[in-house]
Amino acid sequence: MGMLSTDLFGQFKSHIAGRCGLYFRDHDLRNLDAAVSQRMRICGFDSAHAYYIYLTTSDERESEFRELLNLLTINHTYFFRNEPQFAAFREHVLPDLTDRKMRAAFASGRGTKPRLRIWSAGCSTGEEPYTLAMILHQHIANVEDWEIEIVATDASSEALGKARRGVYGENSMRLVEEPYRSKYFEAAKTGKTGVEWRISDEIKGMVK
């Protein structure tokens, strides 16, 4: 069982789920145990129960909770991950959605721009919301005449920091094809052989 007894695991699990909705199944015990053990060492605790009290009642509980979350959230993603879902969005959802938004804007009177807002929940390091932004920019006619905002949220402050920077390695780019790659990214060499890709300001500006 590692550092956590069954009862204490349940307490940590309930506290984390209650605070941010992150749910741990029983077979995730090892991940939670490892994260708690690491934070215990850093904070100087030799008892998991003492660390739990610190996490839930101390003056530093908010910042410590964020540190623990950064260890618990798995930020493994890439652009156009789960391509069938993006294809369904692009080919079926988007045409109907844009048509309804345009009709609503027209009915509201002259000068009203069609408005579209999308929420990317659990956005990790930003690949999903930026993928959505690229699809919208590529497939909405006269996209400059729209008000578009993609709101991206995640429980991990570390992941959100990477998303805001908008700089990615080759692993994140594995499914990015033309015209997206050349139109929406700028490549820069890192070292002798490495390459990093920076998302364009136009696409970055569509995501909050």
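Above this text sits the structure in question.
Residues numbered from 1 in each chain as written. Predicted model: local features only at pLDDT ≥ 70, side-chain atom pairs only at ≥ 80, totals over all residues. Heavy atoms only, no water.

Caption draft 1: View of the packing of helix α1 (residues 6-20) against helix α4 (residues 61-72). Look at α1 against α4: their axes get within 12 Å of each other, and the N-to-C directions meet at 100°. The orientation of α1 with respect to α4, classified from their angle, is roughly perpendicular. On α4, the residues that touch His15, Ile16, Arg19 and Cys20 of α1 are Glu62, Phe65, Leu68, Leu69 and Leu72. For the contact of α1 with α4, a count of residues per class yields six nonpolar, one polar and two charged. (Axes fitted to C-alpha atoms, helices over the stretch in contact; angles between N-to-C directions. Helix = DSSP H or I, 4+ residues; strand = E, 2+ residues; numbered from the N terminus. Parallel < 35°, antiparallel > 145°, perpendicular 65-115°, else oblique. Contact = heavy atoms within 4.5 Å. Nonpolar A, V, L, I, M, F, W, Y, C, P; charged D, E, K, R; others polar.)

Caption draft 2: Structural detail: the packing of helix α5 (residues 83-108) against helix α6 (residues 127-139). Two elements in contact, α5 and α6, have axes separated by 11 Å at closest approach and are oriented at 40°. In terms of axis orientation, α5 runs oblique to α6. For the pair α5 and α6, the sense of crossing is right-handed. Taking contact as the criterion, the partners of Phe86, Phe89, Arg90 and Leu94 in α5 are, on α6, Glu128, Thr131, Leu132, Ile135, Leu136 and His139. Class assignment of the residues belonging to the contact of α5 with α6 gives a composition of six nonpolar, two polar and two charged. (Left-handed = near helix turned anticlockwise from the far one by under 90°.)

Caption draft 3: α5, seen in detail. Under the 1.5 Å per step criterion, the end-to-end length of α5 is 35 Å for 26 residues, consistent within 8% with the ideal 38 Å. Along α5, the sharpest change in direction is near 45° and occurs at Val93; proline Pro95 comes one to four residues later. Within the sequence span of α5, burial applies to Phe86, Ala87, Phe89, Arg90, Leu94, Leu97, Thr98 and Ala105. In this structure, the buried side of α5 is in contact with β1 (115-121), α6 and α8 (180-184). Remark: Gly109 follows α5 within two positions and exhibits a positive phi of approximately 120°. (Expected span 1.5 Å × (residues − 1). Bend = angle between axes of the 7 residues up to and from the residue. Buried < 20%, exposed > 50% of the residue type's maximum accessible area, 1.4 Å probe, protein only.)

Caption draft 4: Here's a closer look at the state of the cysteines. Across all of its chains, the model carries zero disulfides by this definition. Cysteine Cys20 remains unbridged, with the sulfur of Cys123 as its closest cysteine sulfur at 14 Å. By relative accessible area, which is 32% here, Cys20 ends up partly exposed. Residue classification places Cys123 among the buried positions, given a relative accessible area of 2%. (Disulfide = S-S within 2.5 Å.)

Caption draft 5: Structural context of the side chain of Ser156. Structurally, Ser156 is set in the loop between β2 (147-153) and α7 (157-165). A polar contact is formed between the side chain of Ser156 and the backbone nitrogen of Ala159, at a distance of 3.1 Å. (Polar contact = N/O pair within 3.5 Å; in protein donor to acceptor, adjacent residues only side chain to side chain.)

Caption draft 6: Looking closely at the packing of aromatic side chains. In total, this model carries 11 aromatic pairs according to the counting rule given. Judged by centre distance (6.1 Å) and plane angle (15°), the ring pair of Phe12 and Tyr51 falls under stacked. Separated by 39 residues along the polypeptide, Phe12 in helix α1 and Tyr51 in helix α3 (residues 48-57) bring together distant segments of the chain. Here the aromatic rings of Phe12 and Tyr52 are separated by 5.1 Å at their centres, their planes lie at 75°, and the arrangement is edge-to-face. Of the two residues, Phe12 sits in helix α1 while Tyr52 sits in helix α3, which places them 40 residues apart along the sequence. There is no split in this pair, since Phe12 and Tyr52 are both buried. Within the aromatic cluster, the residues linked to one another by ring pairs are Phe12, Phe45, Tyr51, Tyr52 and Tyr54. Between the NZ or CZ atom of Arg19 and the centre of the ring of Phe65, over which it lies, the distance is 4.4 Å. The aromatic ring of Tyr78 is capped on one face by Arg174, whose charged end is 4.0 Å from the ring centroid. (Phe/Tyr/Trp six-rings, centres within 6.5 Å; stacked < 30°, edge-to-face > 60°. Lys NZ or Arg CZ within 6 Å of the ring centre and 35° of its normal.)

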